[in-house]
Amino acid sequence: MEHTDLSAHRYALYFAPSPDEPMAQIARRWLGRDCRTGAAVEQPRIDGISPARLREITADARRYGFHATLKAPFRLAEGRDPTELRRALREFTLVRQPFTVPSLVLTAGLGFPALVPEEPCPALDRLAADCVRAFDLFRAAPTAEEIARRTRAGTLSPRQRDHLEHWGYPYVFEDFRFHMTLGGPLPDEDERHAVMAALADAFRDCLGKPLHVTAVCLFIEPEPGADFRLFCRDKFG
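Numbers given for residues are sequential positions, taken from 1 along each chain in its written order. Since the coordinates come from a predicted model, pLDDT governs what is reported: local features require at least 70, and pairs of side-chain atoms require 80 or more to be given and counted, while whole-chain, interface and lining totals use all residues. Side-chain figures throughout are based on the complete set of non-hydrogen atoms in the structure, without hydrogens or water.

1. Observations concerning the overall build of the protein chain
- Each helix and strand in the protein chain was counted, giving eight helices and nine strands.
- Relative to the 2.2 N^0.38 estimate, which gives 18 Å for 237 residues, the radius of gyration of the protein chain is 17 Å and therefore close to what a compact globule would have.
- Taking the principal axes of the C-alpha coordinates as reference, the protein chain spans close to 50 × 40 × 35 Å.
- By sequence separation, contacts in the protein chain at least 24 residues apart represent 73% of the contacts at least 6 residues apart.
- Residue burial considers only the protein chains on display, and all accessible areas are found by Shrake-Rupley using a 1.4 Å probe. Carbon and sulfur atoms provide 51% of the accessible area of the protein chain, an area that totals close to 12000 Å². Counting from the N terminus, the helices are DSSP H or I runs at least four residues long and the strands are E runs at least two residues long. Here the globule rule reads 2.2 Å times residues to the power 0.38, and the radius of gyration is calculated from C-alpha atoms. By definition in these notes, contact holds between two residues if any of their heavy atoms fall within 4.5 Å.

2. So, the pattern of salt bridges
- Salt bridge, as applied in this entry: a Lys or Arg side-chain nitrogen positioned within 4 Å of an Asp or Glu carboxyl oxygen. Under the counting rule described, the total for this entry stands at 16 salt bridges.
- In this structure, Glu84 and Arg80 form a salt bridge, with 3.3 Å as the shortest nitrogen-oxygen distance.
- The classification of residues rests on relative accessible area computed with a 1.4 Å probe and restricted to protein chains. Under 20% of the type maximum is buried, over 50% is exposed, and intermediate values are partly exposed. What makes Glu84 partly exposed here is its relative accessible area of 23%.
- With a relative accessible area of 31%, Arg80 lands in the partly exposed category.
- Linked through salt bridges whose partners overlap, the residues forming this network are Arg10, Arg63 and Glu221.

3. Comments concerning the sheet that holds strand β8 (residues 215-221)
- By the convention used here, strands pair only if DSSP detects at least 2 bridges between them. Here we have four strands laid out as an open sheet, ordered β2-β1-β8-β9, and antiparallel in their pairing. The outermost strands of the open sheet, each flanked by one partner alone, are β2 (68-74) and β9 (229-235). This sheet shows a mean twist of 20° between the axes of neighbouring strands, independent of strand direction.
- With axes taken as lines fitted to C-alpha atoms, and helix axes fitted only over the stretch in contact, angles between N-to-C directions fall between 0 and 180 degrees. Where helix α4 (residues 82-94) meets the sheet, it contacts β1 (10-15), β2, β8 and β9, and its direction lies at approximately 35° from that of β9.

4. Some words on the environment of Gly32
- The residue Gly32 is located in the loop between α1 (22-31) and α2 (51-57) in this model.
- Remark: the alpha-carbon pair of Gly32 and Glu221, spanning 189 residues in sequence, is separated by 18 Å.
- In contact with Gly32, not counting residues within four places along its chain, are Ala39, Ala40, Val41, Gln43 and Arg62.

5. Here we look at the nonpolar core
- Throughout, nonpolar core names a set of buried Ala, Val, Leu, Ile, Met, Phe, Trp, Tyr and Cys residues whose side chains join them through atoms within 4.5 Å. By size, the foremost hydrophobic cluster in this structure holds 53 residues, and its most contacted members are Met23, Trp30, Phe99, Leu127, Val213 and Leu218.
- The residues touching Leu218, leaving out its near neighbours within four places in the chain, are Leu6, Tyr11, Ala12, Leu13, Leu85, Arg86, Leu89, Arg229, Leu230, Phe231 and Cys232.
- Residues Ala12, Tyr14, Cys217 and Leu230 belong to the second largest nonpolar core, which totals eight residues.

6. A short note on the pairing of β2
- Within β2, six of the seven residues are buried, which leaves the element mostly enclosed by the surrounding structure.
- Pairing of β1 with β2, which is carried by four bridges, proceeds in the antiparallel orientation. Paired with Tyr14 across the bridge in β2 is Thr69.

7. A word on the side chain of His163
- Among the structural elements, His163 can be located in helix α7 (residues 158-167).
- With residues up to four places along the chain from it excluded, the contact list for His163 reads Gly168, Tyr169, Pro170, Val172, Phe173, Glu174 and Asp175.

8. Describing the sheet that holds strand β6 (residues 180-181)
- Pairing is antiparallel across the open sheet formed by three strands, whose spatial order is β4-β5-β6. Taken across any chain shown, the strands that pair with only one partner, and hence form the sheet edges, are β4 (104-107) and β6.
- As defined by bridge partners, β4 adjoins strand β5 (residues 114-117) across four bridges and the pair is classed as antiparallel. Each residue of the ladder has a partner; that of Leu104, found in β5, is Pro117.

9. Structural notes on the side chain of Asp175
- Mapped onto the elements of the fold, Asp175 is located in the loop between α7 and β6.
- Setting aside residues no more than four positions away along its own chain, Asp175 makes contact with Arg159, Gln160, His163 and Pro170.

10. Things to note about the pairing of β8
- Where burial is concerned, most of β8 is hidden: seven out of the seven residues are buried.
- Where β1 meets β8, five bridges bridge the pair, whose relative direction is antiparallel. The partner of Tyr11 across the bridge, within β8, is Ile220.

11. Let's talk about unusual backbone geometry
- Even without a glycine there, the phi angle at Phe173 is positive, about 55°.
- Within the secondary structure layout, Phe173 lies in the loop between α7 and β6.

This is the structure in C-alpha cells:
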C-alpha cells in the first residue's frame, strides 16, 4: 500500500525489489528493518559476530533501506511540489520497458559487502543516467557544507567533483556502479570472511540468478537523520 504523506526532508530514486520478493525478504532480515513499514526485524545470528556488532555493520544500510541508487537523495528545489515529483515518476516509468540483469554476485570489492551485476549491464547504466537527468529539475543545489563533506576525504577525481557540482552526486554516468549495499566497511579480515560467508548463505538462492528490473522506487527521508522509507514503487510500461 502506498503512503499518503509525501512531505519529506529528502527524496531519492532507487531500484528495490518488490517487498514480496524473496530477495527483499532476505535483505530486510539481514539489515534488521522493513523499509516499507519502518518496523524492526530480528537479524540473523552469525558465528563470530555479536548481534551488537552486526547492527553496527549494517547501520547505514539499514537506515537507507535495501536498494541500488539511481538518483541519490536530494532536497526538493524551491518552487517544486512533491506531488509534481510523484507525477513525474509515474510518467517516467510508464514509457519504459522491463529488462533483466543476467546474474547477480556478492562482492566486498567496493570496500563494503554488496550485490552487484556479474557483468556490465548497459540497460542499468541507461536507467540510472536517465533518472539523474530527468529528475534534476526537482533537486535543490547542494549546500557548501554538503559539498565540503563529500570532498573532505580527497578521494574524488576531478570528474567526480564536477559531477558533484553539476548533479549533486559524484557517482553518476561514467562513475555509476549499480550495487545493493548490505553493510559498511569490514577492515578486519576475519570479520570480513565471517560476514561474507553469512551473506553467501543468506542470499544463496539469489546469487547467479537473473535480476528483473521492472520498476523505480521513490524513497523519502521524512526529517533530517530519519530512516528512509519506501513511498512507492512504480512499475514500467
